[in-house]
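Examining the three-dimensional arrangement
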Amino acid sequence: MKKIKFLIILLPLLSGCYNYRELNDLGITTAISIDYEENFKIKAQVINPVKQQDATSSGEPTFVNFDSEGKSIQEALRRIILESPRQLYGSQLQLLILSEEVANNHLEEVLDFCLRDPEFRSEFKVLIAKNDESLNGIAIQTLLENLSSSNIFESLETQEKKEGVSLSITLNDLTNMYLNPYLEMTIPSMIVEGDIKEGEDENNITSTVSKARVMIDTTGIFKDKKLVGYLSISESKALNLIKGELSDTIITLDIKDGYIAFEPNRLNTKTEVDIKKNKVKITIEGFSIINEVTSKIDLKSTKEIDKLEKELNNYIKKTINDSFNNIRNNYNTDVFGFQDLYYKTDA
């Protein structure tokens, strides 16, 4: 009898999930852009619940964008249910796009909201929109991906692996940089090329040339939690190389009467600090493929290959030195992480 009473007491505790919700009640959100002008202004991309293939074949959009605003980010997002029959669900979020105003003056509120919300993953990518049009980039219809958020996400990751212009960062990465007093923040940027209104139209995916498209741009850099500017392409690559985050890129050098296109790969960067001499030593090792040659040069000659290797090494060294000096002189910010390296070495 005691066993029966014990089982009866346990049964109410085995009734299932306390926060269970039907999937049909949720709006799966893949991207959010945030601006601020007296209130927070939100644009959220929600997947069309119709199967993607069915939506495409029937002419329906594969995603829907909702706009809202509020005194707080939570209020703005919640107000979307005034026009959407589904509550936004952020566990599948791929992108968070910030305006320059938000990146400069309201980043703390954004991080606080995202870290407190249990439905938000911390592995979504963060970008800065370089102008107002770029904030609407998630509304553009894209050819190769059904969702514009997926198109931006894949472009960001592909250029990082194959070109190295902008290093993608997650919410976790951004939070670590924001909270670490020895690190300055860096965030990749994006722009929109073309007519944004035409890009939002479904005819944008019926042409072989898009009337508007999102482009991944260079790295935005910060000083004391304020956005101070954007690097050039060569400076962005040099920054990523110094930080050991550049794995593959293309370098084209004028050699003799033509040019040679090099593809450095399998790059490895080692950074050491000599506190007594107050110096930082950077050692870069790797390999390079010669992808294209218009110069009249004998690639079978060991001497010529040695000369090319020296030319490439000198170019990389000069680019790193020039980029370091430009960033230091123009922005006076340690986005290279040297201060953090000094702190860890001294500790």
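In the block above lies the structure referred to throughout.
A brief look at the structure comes next. (Residues numbered from 1 in each chain as written. Predicted model: local features only at pLDDT ≥ 70, side-chain atom pairs only at ≥ 80, totals over all residues. Heavy atoms only, no water.)

Some words on helix α7 (residues 148-162)
In a regular helix each residue adds 1.5 Å, so 15 residues correspond to 21 Å; α7 covers 21 Å between its end C-alpha atoms and thus fits that length. Those residues of α7 not exposed but buried are S148, S149, S150, N151, I152, F153, L156, Q159 and E160. (Helix = DSSP H or I, 4+ residues; strand = E, 2+ residues; numbered from the N terminus. Expected span 1.5 Å × (residues − 1). Buried < 20%, exposed > 50% of the residue type's maximum accessible area, 1.4 Å probe, protein only.)

Brief notes about the sheet that holds strand β12 (residues 279-293)
Within the open sheet, the three strands sit side by side as β10-β11-β12. Their pairing is antiparallel. Here the strands that pair on one side only, and so sit at the sheet edges, are β10 (251-255) and β12. When the angles between neighbouring strand axes are averaged without regard to direction, this sheet yields 40°. Judged from the 13 bridges that link them, strand β11 (residues 258-274) and β12 form a sheet pairing that is antiparallel. Residue A261 lies in a different strand from β12, and its bridge partner there is E292. Lying over the sheet, helix α10 (residues 233-242) contacts β11 and β12, oriented at roughly 45° with respect to β11. Packing against the sheet, helix α11 (residues 302-331) makes contact with β10, β11 and β12, and its axis sits at approximately 120° to β10. (Pairing = 2+ DSSP bridges. Axes fitted to C-alpha atoms, helices over the stretch in contact; angles between N-to-C directions. Contact = heavy atoms within 4.5 Å.)

Description of the nonpolar core
Among the nonpolar cores identified, the biggest contains 36 residues, and I32, I34 and L174 are the most heavily contacted of them. In terms of residues, this core owes the most to one element, helix α5 (residues 107-116), which gives five residues. Setting aside anything within four residues of it in sequence, one finds I34 in contact with F40, K41, I42, I73, L96, I97, L98, S99, V102, V110 and L135. Counting 20 residues, the second-largest nonpolar core is a separate cluster that includes I221, F262, I316 and I320. (Core = buried A, V, L, I, M, F, W, Y, C linked by side-chain atoms within 4.5 Å.)

Some thoughts on the side chain of S149
Position of S149 relative to the elements: it lies in helix α7. Of the residues examined, S149 reaches a relative accessible area of 0% and is grouped as buried.

Observations concerning a negative patch on the surface
On the surface, E100, D132, E133, D195 and E198 cluster together into a patch of negative charge. Looking at the secondary structure, you find E133 in helix α6 (residues 132-135). E133 sits in the partly exposed class, given a relative accessible area of 38%. (Patch = residues over 30% accessible without salt bridge, like charges linked within 9 Å, V, L, I, M, F, W, Y side chains within 5 Å. Areas by Shrake-Rupley, 256 points an atom, 1.4 Å probe, with all protein chains shown as cover. Salt bridge = Lys/Arg side-chain N within 4 Å of Asp/Glu carboxyl O. Lys, Arg positive; Asp, Glu negative; His and termini not counted. Charge placed at Lys NZ, Arg CZ, Asp CG, Glu CD.)

A few points about a nonpolar patch on the surface
Together, I290, V293, L299 and I305 make up an exposed nonpolar region whose accessible area comes to about 260 Å². The residue L299 is located in the loop between β12 and α11 in this model.

Let's talk about the pattern of salt bridges
Applying the stated criterion to the full structure yields twelve salt bridges. Its salt-bridge partner being R79, residue E75 comes within 3.3 Å of it at the nearest N-O pair. Residue E75 is classed as partly exposed on the basis of its relative accessible area of 30%. In this structure, R116 engages D112 in a salt bridge whose closest nitrogen and oxygen atoms are separated by 2.8 Å. With R116 and D112 both in helix α5, this residue pair falls four residues apart, about one helical turn. Relative accessible area serves as the criterion here: at 63%, R116 is assigned to the exposed category.

Regarding the packing of aromatic side chains
Counted under the stated rule, the structure contains seven aromatic pairs. Ring centres of Y36 and F40 lie 4.8 Å apart, and the angle between their planes is 70°; this geometry places the pair in the edge-to-face category. Looking at Y36, the relative accessible area reads 23%, which means it is partly exposed. Seen from their ring centres, F113 and F120 are 5.3 Å apart, and the 75° between their planes marks the pair as edge-to-face. (Phe/Tyr/Trp six-rings, centres within 6.5 Å; stacked < 30°, edge-to-face > 60°.)

Notes on the packing of α10 against α11
Running from N to C, α10 and α11 point in directions that differ by 100°, and their axes come no closer than 9 Å. Relative to α11, the element α10 is oriented roughly perpendicular. For the pair formed by α10 and α11, the contact residues are S234, E235, A238, L241 and I242 on the first element and I316, T319, I320, S323 and N326 on the second. Its residues assigned to classes, the contact of α10 with α11 comprises five nonpolar, four polar and one charged. (Parallel < 35°, antiparallel > 145°, perpendicular 65-115°, else oblique. Nonpolar A, V, L, I, M, F, W, Y, C, P; charged D, E, K, R; others polar.)

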